[in-house]
Amino acid sequence: MSVLLDMKNICKNFTGVKANKDCNLQIEKGEVHALLGENGAGKSTLMNVLYGLYAPSSGDVIWKGQKVEIKSPKAAIELGIGMVHQHFMLIPALSVIENVVLGMHSGKKAYLDLKNAAEKFEKLSEKYNMHIDPWAEVGQLSVGQQQRLEILKALYRGADLLILDEPTAVLVPQEVDELFQIIRKLTSEGHTVIFISHKLNEVMSICDRVTVLRLGESITTIETKDTDKEELARLMVGREVSLMMDKISPKLGNVVLEVKNLECINNKGIKALKGLNLKLQAGEILGIAGVDGNGQSELVEAIVGLRKVTNGQVIINSHDVTNKSPREILDEKVGHIPEDRHKRGVALPMNLTENIMLMSYYKEPYSKGIRLHWNKIYENAEKIIEQFQIKTPSKDELMKNLSGGNQQKIVLGREISKDPNLLIAMHPVRGLDIGATEYVHERLVEQRDQGRAVLLISGELEELITLSDRIAVMYEGEIMGIVDAKDVNIQELGLMMTGAKKNAV
Ligand SMILES: Nc1ncnc2c1ncn2[C@@H]1O[C@H](COP(=O)(O)OP(=O)(O)O)[C@@H](O)[C@H]1O
Ligand SMILES: [Mg+2]
């Protein structure tokens, strides 16, 4: 094989942040090369340098043996480098073919020959088994189809090297399989792929070699056949991490949460829950799987009193709490780790102690009548900071100065220290690094082992399978089925996530 690309000692500084420090990346022609690293490791930055979006602070890019300075995406495309970003750059109101040719023609040509372009596009999509109607409106395409369109668009412009930035983040399992087939087809036709990911399974299954980035530095490059997930995790995090979670079998108690025929309306005035039923017992973790936007947010909001229930019931600890106020519901010993910690979980301009007291300042022992007992409040804050290993200079530090992982630990600590019967955790590790993720996961399982009922909503199947006892799949406001997490079949889950029903177990 020959070297296609050599990035040497690339540094990229943003004000106050060294996003890339002496990064080295060598890509061989025809390979699938993983760029693996945790959130914030510098993967996107390095690829944005290659794609001409950022000028490197220092370092060299050697492309097909020549030193190049890539000053814009247009220059990158002319060299044969294409990139599919995490957030697609398509115009929804235009047709597929208009998106493909957009920006490709100079002012000389007053009109675009869309029909010819569409023919060329169709040939290309046939060749790579990605069938997309060139005349369809992009806004009507599924997320998977939009991704394929982005890939085809890059190929149409002559990309030899295709950079895919976290391409599976938006896909359901079936679509991931399809994407992998496309990637194999691409390399068999002589293309080269850089596959950005933080998911070890995917890297092991689709990539030939992997370069690990950690805290802005390239740590090493190895062949996937010579390594395993454990080693990759260690390289990525910089210490030993356990990927497995040993769980004792659940000791089930009373029914803590029961949701009966629940209906509610979403912010657009459309029915978000369509007669949803669920039961959750003490001592178990019930996972809710599903593509974002299938009613998960509304379900949680309806349970905790943040959204009006239009039909059906929410029963917590045998009390009907339907349409009670959030405070009345939280007083039923409900802990809530909200989906968006910045919107609902924490108050960024306030300090840690205030954040910890946010939901319980009005209760004993922290207050009596109109008096706040500050010594008790401080004691509790210090206890949580210690127990949850929160990295902060002091309990008076402002929340906004903490890292995302530590902010999330504050929310977790606050909600768990309320000693809830029911703990609702929505996307509890979204955006966290492996270390913080491991910590949050262990605490959730600990809650279950201590006899609490945990409702875990997540978009990550691996997380759900590792933590849950049962997994319910939501699709368009309904439960498609409930499966035992011990003998779960990913394909079956994937089918339910796209609307196929299963008989509940
Ligand atoms: N445009 C930017 N301005 C300032 N800081 C940035 C910018 N882009 C990325 N960063 C910072 O650089 C670091 C690496 O980010 P990124 O390359 O996006 O990581 P990854 O893609 O591996 O998650 C992070 O600390 C991030 O906050
Ligand atoms: Mg990124």
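Residues numbered from 1 in each chain as written. Chains lettered and ligands numbered in written order. Predicted model: local features only at pLDDT ≥ 70, side-chain atom pairs only at ≥ 80, totals over all residues.

**Q** What's the story with the overall build of the protein in this structure? I'm lost.
**A** For the protein, the count of helices and strands is 17 helices and 22 strands. In terms of its C-alpha atoms, the protein occupies a principal-axis envelope of roughly 75 × 50 × 45 Å. Here the protein, with 505 residues, has 41% of them falling under the buried criterion. Within the protein, counting contacts between residues at least 6 apart in sequence, those at least 24 apart form 66% of the total. (Helix = DSSP H or I, 4+ residues; strand = E, 2+ residues; numbered from the N terminus. Buried ≥ 20, exposed ≤ 12 C-beta atoms within 10 Å, placed from the backbone. Contact = placed C-beta atoms within 7 Å.)

**Q** Whenever I open this one, the site of ligand 1 confuses me. Can you help?
**A** Lining the immediate environment of ligand 1, one finds Phe 14, Val 17, Ala 19, Gly 37, Asn 39, Gly 40, Ala 41, Gly 42, Lys 43, Ser 44 and Thr 45. Of all elements in the fold, only strand E2 (17-28) and helix H1 (43-50) reach the threshold of two or more residues within the shell around ligand 1. Here the element with the most residues in the shell around ligand 1 is H1; it accounts for 3 residues. Taken together, the residues of the shell around ligand 1 sort by class into 4 nonpolar, 6 polar and 1 charged. (Near = placed C-beta within 6 Å. Nonpolar A, V, L, I, M, F, W, Y, C, P; charged D, E, K, R; others polar.)

**Q** Even after reading the chapter, I still don't get the sheet that holds strand E5 (residues 66-68), so can you show me in this structure?
**A** To summarise the sheet geometry, strands pair through backbone hydrogen bonds and adopt either a parallel or an antiparallel arrangement. Read from one edge to the other, the open sheet built from 4 strands follows the order E2-E1-E4-E5, with strand pairing classed as antiparallel. A strand with exactly one partner marks an edge of an open sheet, and here the two such strands are E2 and E5. The average angle at which neighbouring strand axes cross in this sheet is 25 degrees, direction not considered. Relative to E2, strand E1 (residues 3-14) runs antiparallel, the two being bridged by 8 bridges. (Pairing = 2+ DSSP bridges. Axes fitted to C-alpha atoms, helices over the stretch in contact; angles between N-to-C directions.)

**Q** Would you explain the pairing of strand E11 (residues 255-265) in this entry?
**A** Sheet faces and side chains relate simply in a regular strand, where the side chains alternate between the two faces. Both E11 and strand E12 (residues 271-281) contribute to a ladder of 8 bridges, which runs antiparallel. Within E12, the residue paired with Cys 264 across the bridge is Leu 273. What sits between E11 and E12 in their antiparallel hairpin is a turn of 5 residues, with Gly 269 showing a positive phi close to 85 degrees. Bridging between E11 and strand E14 (residues 311-316) involves 5 bridges; their strand directions are antiparallel. The partner of Glu 258 across the bridge, within E14, is Ile 315.

**Q** I keep staring at helix H14 (residues 404-417) and nothing clicks. Help me out?
**A** Given 3.6 residues per helical turn, the α-helix brings residues three or four places apart onto the same face. For H14, which comprises 14 residues, the first-to-last C-alpha distance of 20 Å matches the rise-based estimate of 20 Å (1.5 Å per residue) to within 8%. Within H14, 11 of the 14 residues are buried, leaving the element largely enclosed by the surrounding structure. All buried positions along H14 are accounted for by Asn 406, Gln 407, Gln 408, Lys 409, Ile 410, Val 411, Leu 412, Gly 413, Arg 414, Glu 415 and Ile 416. Of the surrounding elements, those touching the buried residues of H14 are strand E16 (334-337), helix H11 (341-345), helix H12 (352-357), helix H13 (374-387), strand E19 (422-426) and helix H15 (434-449). One or two positions beyond H14, positive phi appears at Asp 419, with a value near 55 degrees. (Expected span 1.5 Å × (residues − 1).)

**Q** Please clarify how the domain arrangement of the protein should be interpreted in this entry.
**A** When the parts of a complex come together, some accessible area is lost, and that lost area is often used as the size of the interface. Structurally, the protein comprises domain 1 (3-237) and domain 2 (255-497). On a C-alpha basis, the centres of domain 1 and domain 2 stand 35 Å from each other. Contact with domain 1, which involves 8 residues of that partner, is made by 11 residues of domain 2. Elements with a contribution of two residues or more to the side of domain 1 that touches domain 2: helix H6 (173-188) and helix H8 (229-237). The greatest single-element share of the side of domain 1 that touches domain 2, amounting to 3 residues, is contributed by H8. When grouped by side-chain class, the residues that make up the side of domain 1 that touches domain 2 number 5 nonpolar, 2 polar and 1 charged. (Domains from an automatic or database assignment.)

**Q** I'm lost on helix H9 (residues 296-303) in this one. Help?
**A** When you tally the buried positions in H9, you get 8 out of 8 residues, the bulk of the element. All buried positions along H9 are accounted for by Gln 296, Ser 297, Glu 298, Leu 299, Val 300, Glu 301, Ala 302 and Ile 303. Remark: Gly 305 follows H9 within two positions and exhibits a positive phi of approximately 85 degrees.

**Q** Is there a simple way to think about the packing of helix H4 (residues 114-127) against helix H5 (residues 143-156) in this case?
**A** Geometry of a packed helix pair, given as the angle between the helix axes and the separation of the axes. It is the contact of H4 with H5, at a shortest axis distance of 10 Å, that shows an interaxial angle of 115 degrees. Of the possible angle classes, the one that applies to H4 and H5 is roughly perpendicular. When you trace H4 past H5, the crossing you get is right-handed. Together, Phe 121, Leu 124 and Ser 125 of H4 and Leu 152, Leu 155 and Tyr 156 of H5 make up the contact between the two elements. Here the contact of H4 with H5 is composed, by residue class, of 5 nonpolar, 1 polar and no charged. (Parallel < 35°, antiparallel > 145°, perpendicular 65-115°, else oblique. Left-handed = near helix turned anticlockwise from the far one by under 90°.)

**Q** Just checking my understanding: could you explain the environment of Val 346 for this structure?
**A** Its place among the elements puts Val 346 in the loop between H11 and H12. What makes Val 346 buried here is the crowd of 23 C-beta atoms within 10 Å. Considering only alpha carbons, one finds Val 346 and Lys 400, 54 residues apart in sequence, at a separation of 9.2 Å. Sequence-distant contacts of Val 346, that is, excluding residues within four places in its chain, are made with Arg 341, Asn 355, Met 399, Gln 407, Ile 410 and Val 411.

**Q** What's the story with the nonpolar core in this structure? I'm lost.
**A** In summary, soluble globular proteins display a tendency toward joint burial of nonpolar side chains. Of all hydrophobic cores here, the largest spans 71 residues; its most connected members are Leu 422, Ile 424, Leu 455, Leu 456 and Val 473. Of all hydrophobic cores here, the second largest spans 61 residues; its members include Leu 4, Leu 164, Ile 196 and Val 203. (Core = buried A, V, L, I, M, F, W, Y, C linked by C-beta atoms within 7 Å.)

**Q** Could you clarify how one ought to interpret the pairing of strand E8 (residues 192-197) in this entry?
**A** In terms of residue burial, E8 counts as a mostly covered element, since 6 of its 6 residues are buried. The two faces of E8 match: Thr 192, Ile 194 and Ile 196 on one face and Val 193, Phe 195 and Ser 197 on the other face are all buried. Alignment of strand E3 (residues 32-36) against E8, held across 5 bridges, turns out to be parallel. Pairing of Leu 36 across the sheet is with Ser 197, part of E8. Direction of pairing for strand E7 (residues 161-165) relative to E8: parallel, over a ladder of 5 bridges. Across the sheet, Ile 163 pairs through a bridge with Ile 194, a residue of E8. The parallel pair E7 and E8 is bridged by H6, and the resulting crossover is right-handed. (Right-handed = clockwise from strand over helix to strand, strands pointing away.)

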